[in-house]
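Per-entry structural report
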Amino acid sequence: MVLVLAGFALFRAATSSDSGSTATSTPGTTSAGGRCTADTRFDAGDGTVGNDHVYKVDPPAGGPYAKDSTPPGFYTDGKPVPTDAELVRAMRRGFTVLWYRTDLTDGQFEVIGSLSDQVGRDMILVPRRSLGGPVALTAWHARMLCHAVDAPAIQTFVKDHRDKGPEKGYL
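Residues numbered from 1 in each chain as written. Predicted model: local features only at pLDDT ≥ 70, side-chain atom pairs only at ≥ 80, totals over all residues. Heavy atoms only, no water.

**Comments concerning the overall build of the chain**
Counting its regular elements, the chain contains four helices and nine strands. Looking at the chain residue by residue over its 171 residues, the buried ones come to 43%. Put simply, of all contacts in the chain between residues at least 6 apart along the chain, 63% involve residues at least 24 apart. Of the accessible surface of the chain, which amounts to about 8900 Å², a share of 55% is contributed by carbon and sulfur atoms. (Helix = DSSP H or I, 4+ residues; strand = E, 2+ residues; numbered from the N terminus. Buried < 20%, exposed > 50% of the residue type's maximum accessible area, 1.4 Å probe, protein only. Contact = heavy atoms within 4.5 Å. Areas by Shrake-Rupley, 256 points an atom, 1.4 Å probe, with all protein chains shown as cover.)

**Comments concerning unusual backbone geometry**
Outside of glycine, negative phi angles account for most residues, and trans bonds account for most peptide bonds. Cis geometry is found at the peptide bond from Asp 58 to Pro 59, where omega equals -5°. Tracing the chain through its elements places Pro 59 in the loop between strand E4 (42-43) and strand E5 (73-74). For His 141, which is not glycine, the phi torsion reads 65° and is therefore positive. Structurally, His 141 can be placed in the loop between strand E8 (135-139) and strand E9 (142-146).

**Structural notes on the state of the cysteines**
By the definition in use, this model includes one disulfide. The disulfide partner of Cys 36 is Cys 146, and the S-S distance across this bridge is 2.1 Å. An S-S torsion of about 110° defines the bridge between Cys 36 and Cys 146 as right-handed. A residue pair is termed long-range when its members are at least 10 positions apart, and Cys 36 in strand E3 (residues 36-39) and Cys 146 in strand E9 qualify at 110 residues. Accessibility expressed as a relative area gives 1% for Cys 36, which makes it buried. (Disulfide = S-S within 2.5 Å.)

**Let's talk about the pattern of salt bridges**
Using the criterion set out here, one finds nine salt bridges in the structure. Across the pair Asp 39 and Arg 143 runs a salt bridge whose closest N-O atoms are separated by 2.8 Å. Here the residue Asp 39 occupies a position in strand E3, and Arg 143 occupies one in strand E9, the gap between them amounting to 104 residues. What makes Arg 143 buried here is its relative accessible area of 3%. One salt bridge connects Arg 101 with Asp 103, and the closest N-O pair in it is separated by 2.8 Å. We classify Arg 101 as partly exposed; its relative accessible area is 24%. (Salt bridge = Lys/Arg side-chain N within 4 Å of Asp/Glu carboxyl O.)

**Structural notes on the packing of helix H3 (residues 106-119) against helix H4 (residues 151-161)**
In helix packing, the relevant descriptors are the interaxial angle and the interaxial distance, both defined with respect to the helix axes. Two elements in contact, H3 and H4, have axes separated by 11 Å at closest approach and are oriented at 30°. Taken together, H3 and H4 sit at an angle that is classed as roughly parallel. Seen along the crossing, H3 lies across H4 with a hand that is right-handed. Between H3 and H4, the contacting residues are Val 111, Leu 115, Gln 118 and Val 119 on the first element and Ala 151, Ile 154, Gln 155 and Val 158 on the second. When its residues are assigned to classes, the contact of H3 with H4 shows six nonpolar, two polar and no charged. (Axes fitted to C-alpha atoms, helices over the stretch in contact; angles between N-to-C directions. Parallel < 35°, antiparallel > 145°, perpendicular 65-115°, else oblique. Left-handed = near helix turned anticlockwise from the far one by under 90°. Nonpolar A, V, L, I, M, F, W, Y, C, P; charged D, E, K, R; others polar.)

**Things to note about the pairing of strand E6 (residues 96-100)**
Regular strands place their side chains on alternate faces of the sheet. Counting buried positions over the five residues of E6 gives five, a clear majority of the element. Of the two faces of E6, the one lined by Thr 96, Leu 98 and Tyr 100 and the one lined by Val 97 and Trp 99 are each fully buried. Of the strand pairs in this sheet, E6 and strand E7 (residues 123-127) are connected by five bridges, and their pairing is parallel. If you follow Trp 99 over to E7, its bridge partner there is Val 126. Crossover E6 to E7 through H3 is right-handed. Bridge count for E6 against E8 is four bridges, and the pairing is antiparallel. Counted as the bridge partner of Trp 99 is Ala 136 from E8. (Pairing = 2+ DSSP bridges. Right-handed = clockwise from strand over helix to strand, strands pointing away.)

The structure is reproduced here in structure tokens:
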């Protein structure tokens, strides 16, 4: 019976309607307070692509990547924003990406700025207008989507995923 259920789960994963992405068969976990939900969705495939690659999972947490990586930093609307492919390459190297909506309140922006100062070069902060909530975090094959700026959950995610990509050792 267990083998039949495992086979069915593998079949469903292989034939899911989102054929360009991969996801675990377990549901996402929710942070304390219920402000963030974690999952392991990422685009299928591995290998270098051009910077204009379009990811099906938004925001991306793996899959094809650019030849070059993006350096850590806090990217604002006034600073050129790296491509998704460059950010996926950075995740391969063990960095965490904090994606933020451009319409954050001043208080929310201060919180993520403070987190950037605390975490330092482990995290790359980039604007992303397509987010459903104010922030999301991604690391290699891991995502956390938040409907509130949850500083403790963000710090835990960064700590738990620090330097875990297949090209780790850059931090």
